[in-house]
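Here's the letter readout for the chains.
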Amino acid sequence: MSDAALDPSLLVATSLTKSFCLGKNNTLEVLKGIDLTLNRGEIVALLGDSGSGKSTLIQILGTLDHPTSGSVTLDGIDLFKLNPKKQAVIRNQKIGFIYQFHRLLPEFTTLENVMMPLLIGRLDPKAAKEKAANILEQVGLKERMLHRPGQLSGGEQQRVAIARSIVTQPVLLLADEPTGNLDRRTAWSVFELLQKLNQDLGLTCLMVTHNNELAQHLNRQVHMIDGSLASQEDAGL
Ligand SMILES: Nc1ncnc2c1ncn2[C@@H]1O[C@H](COP(=O)(O)OP(=O)(O)OP(=O)(O)O)[C@@H](O)[C@H]1O
Ligand SMILES: [Mg+2]
């Protein structure tokens, strides 16, 4: 086992800032010095008002955007010291993403959608098909493999998106309001699936949610207030 794998912290974000330039002399400071550590196997809720910077943070932690300053290490790898090509490899191998809207490819079947990240990672199609089918069975969609996204319910679509995000066996799952578009009952079932994956696979997960009730069931809650992370006491909990 490598030294990095023995370290209890999986992800360490240090002094992250992000500013958007909106024009001459007009800069919007969205992240104002974020320090965040996620330990291996943790499932953590990221809460905060609309516009406080949660999605911006998630995008940066997943290398889909870069910080203005600060660093992020994942499994001991300093992500923003890598070139974009290497970042893309790390994203494909180590990070899974889930969004409020499923972002499945409408012209492909459930099975093909879930195979996609494996094919991008150059796995042989037969092995990819087998793996994707296995994961779909795990998320309870064995009977829906040949449906297209438009033929699935909202909860099923989100389950497919979850299957797609974990099929590469990532170490980190970044979920941006994964239940935000679902009714209460369906939101709970998707939430329970994420909890199960966290417990069964030890998958480390950071989940943005506006749902306090769900958040209280996770290991820990962090609160974003106007671009900064507040302690639980500061957030009035
Ligand atoms: N590319 C961009 N250019 C300029 N401003 C941006 C950009 N992306 C985000 N912002 C601004 O950054 C702020 C934080 O946005 P972000 O999407 O991170 O908020 P959020 O906490 O995820 O909100 P919500 O709960 O509504 O999803 C917002 O004021 C937004 O307008
Ligand atoms: Mg957001």
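Quick caveat: nothing in here was measured; it's all calculated off a predicted structure.

A.B. asks: Would you explain the confidence of the model for the protein in this entry?
C.D. replies: The predicted coordinates should not be examined in detail at positions where pLDDT is low. Per-residue pLDDT for the protein has a mean of 92; in total, 95% of the residues score no lower than 70. Between the elements of the protein, mean pLDDT differs from a low of 64, seen in helix H1 (residues 3–6), to a high of 98, seen in strand E4 (residues 69–74).

A.B. asks: What is the right way to read the pairing of strand E9 (residues 220–225) from this model?
C.D. replies: Where strand E3 (residues 43–48) and E9 come together, five bridges link them in parallel fashion. By the bridge assignment, Gly48 is partnered in E9 with Met224. As judged from the three bridges shared by E9 and strand E10 (residues 228–230), these two strands associate in the antiparallel manner. Note on E10: the bridge partner recorded for Met224 is Leu229.

A.B. asks: Even after reading the chapter, I still don't get the packing of aromatic side chains, so can you show me in this structure?
C.D. replies: Describing an aromatic ring pair means giving the distance of the ring centres and the angle of the ring planes. What the rule picks out here adds up to two aromatic pairs. Here Phe97 and Tyr99 contribute two aromatic rings whose centre-to-centre distance is 6.3 Å and whose plane-to-plane angle is 5 degrees, an arrangement assigned as stacked. With respect to burial, Phe97 and Tyr99 carry one shared label: buried. Taking 5.3 Å as the distance between ring centres and 85 degrees as the angle between the ring planes, the aromatic pair formed by Trp188 and Phe191 counts as edge-to-face.

A.B. asks: Would you take a moment to explain the site of ligand 1 for this structure?
C.D. replies: Neighbouring ligand 1 are 14 residues, the closest being Ser50, Gly51, Lys54, Ser55 and Thr56. Here an oxygen atom of ligand 1 sits 2.5 Å away from a polar atom, N or O, in the side chain of Ser50. Here an oxygen atom of ligand 1 and a backbone polar atom of Gly53 are 3.0 Å apart. Burial of ligand 1 by the surrounding chains reaches 60%, relative to a free accessible area of 640 Å². Elements with a minimum of two residues in the shell around ligand 1: strand E1 (9–23), strand E2 (26–39) and helix H2 (54–61). Sorting elements by how many residues they give to the shell around ligand 1 places H2 first, with three residues. A breakdown of the residues in the shell around ligand 1 according to their chemical character gives four nonpolar, seven polar and three charged.

A.B. asks: What is the right way to read the environment of Glu130 from this model?
C.D. replies: In this fold, Glu130 is placed in helix H5 (residues 125–138). For the pair Glu130 and Met115, spaced 15 residues apart in sequence, the C-alpha to C-alpha distance is 8.9 Å.

A.B. asks: Looking at this structure, I do not really get the nonpolar core. What am I missing?
C.D. replies: As a rule of thumb, soluble globular proteins bury nonpolar side chains together. By size, the foremost hydrophobic cluster in this structure holds 39 residues, and its most contacted members are Val114, Leu136, Ile162, Leu173 and Met207. Put simply, the parts of the chain that give this core at least two residues each are E3, helix H4 (110–120), H5, helix H6 (154–166), strand E7 (172–176), helix H7 (184–201), strand E8 (204–208) and helix H8 (212–215). Among the elements that make up this core, the one with the highest residue count is H7 (seven residues). Each residue touching Leu136, except ones within four places of it in the same chain, is listed here: Thr110, Leu111, Val114, Leu141, Lys142, Met145 and Ala163. With 28 residues, the next largest nonpolar core counts Ala13, Leu61, Leu74 and Leu172 among its residues.

A.B. asks: Which parts of the structure should I look at to understand the sheet that holds E7?
C.D. replies: The strands that make up a sheet are held in pairs by hydrogen bonds between backbone atoms, and each pair lies either parallel or antiparallel. Strand order in the open sheet formed by six strands is E6-E7-E8-E3-E9-E10, and the pairing between neighbours is mixed. Two strands in the sheet have a free side with no partner beyond their single neighbour: strand E6 (95–98) and E10. Across this sheet, the average inter-strand angle for adjacent strands is 25 degrees, counted without regard to direction. Packing against the sheet, helix H3 (residues 84–94) makes contact with E6 and E7, and its axis sits at approximately 75 degrees to E6. Packed on one face of the sheet, H6 meets E6 and E7 and runs near 165 degrees to E6.

A.B. asks: Would you take a moment to explain the sheet that holds E4 for this structure?
C.D. replies: Read across the sheet, four strands follow the order E2-E1-E4-E5 without closing on themselves; strand pairing throughout is antiparallel. Looking at strand neighbours, the two that pair on one side only are E2 and strand E5 (77–78), the edges of this open sheet. Judged from the eleven bridges that link them, E1 and E2 form a sheet pairing that is antiparallel. Bridging from a neighbouring strand, Ser19 pairs with Glu29 of E2. Of the strands in this sheet, E1, E2 and E4 are in contact with H2, which crosses E1 at around 120 degrees.

Each value, and the rule that gives it
Residues numbered from 1 in each chain as written. Chains lettered and ligands numbered in written order. Predicted model: local features only at pLDDT ≥ 70, side-chain atom pairs only at ≥ 80, totals over all residues. Heavy atoms only, no water. pLDDT = per-residue confidence, 0-100. Helix = DSSP H or I, 4+ residues; strand = E, 2+ residues; numbered from the N terminus. Pairing = 2+ DSSP bridges. Phe/Tyr/Trp six-rings, centres within 6.5 Å; stacked < 30°, edge-to-face > 60°. Buried < 20%, exposed > 50% of the residue type's maximum accessible area, 1.4 Å probe, protein only. Near = heavy atom within 4 Å. Polar contact = N/O pair within 3.5 Å; in protein donor to acceptor, adjacent residues only side chain to side chain. Areas by Shrake-Rupley, 256 points an atom, 1.4 Å probe, with all protein chains shown as cover. Nonpolar A, V, L, I, M, F, W, Y, C, P; charged D, E, K, R; others polar. Core = buried A, V, L, I, M, F, W, Y, C linked by side-chain atoms within 4.5 Å. Contact = heavy atoms within 4.5 Å. Axes fitted to C-alpha atoms, helices over the stretch in contact; angles between N-to-C directions.

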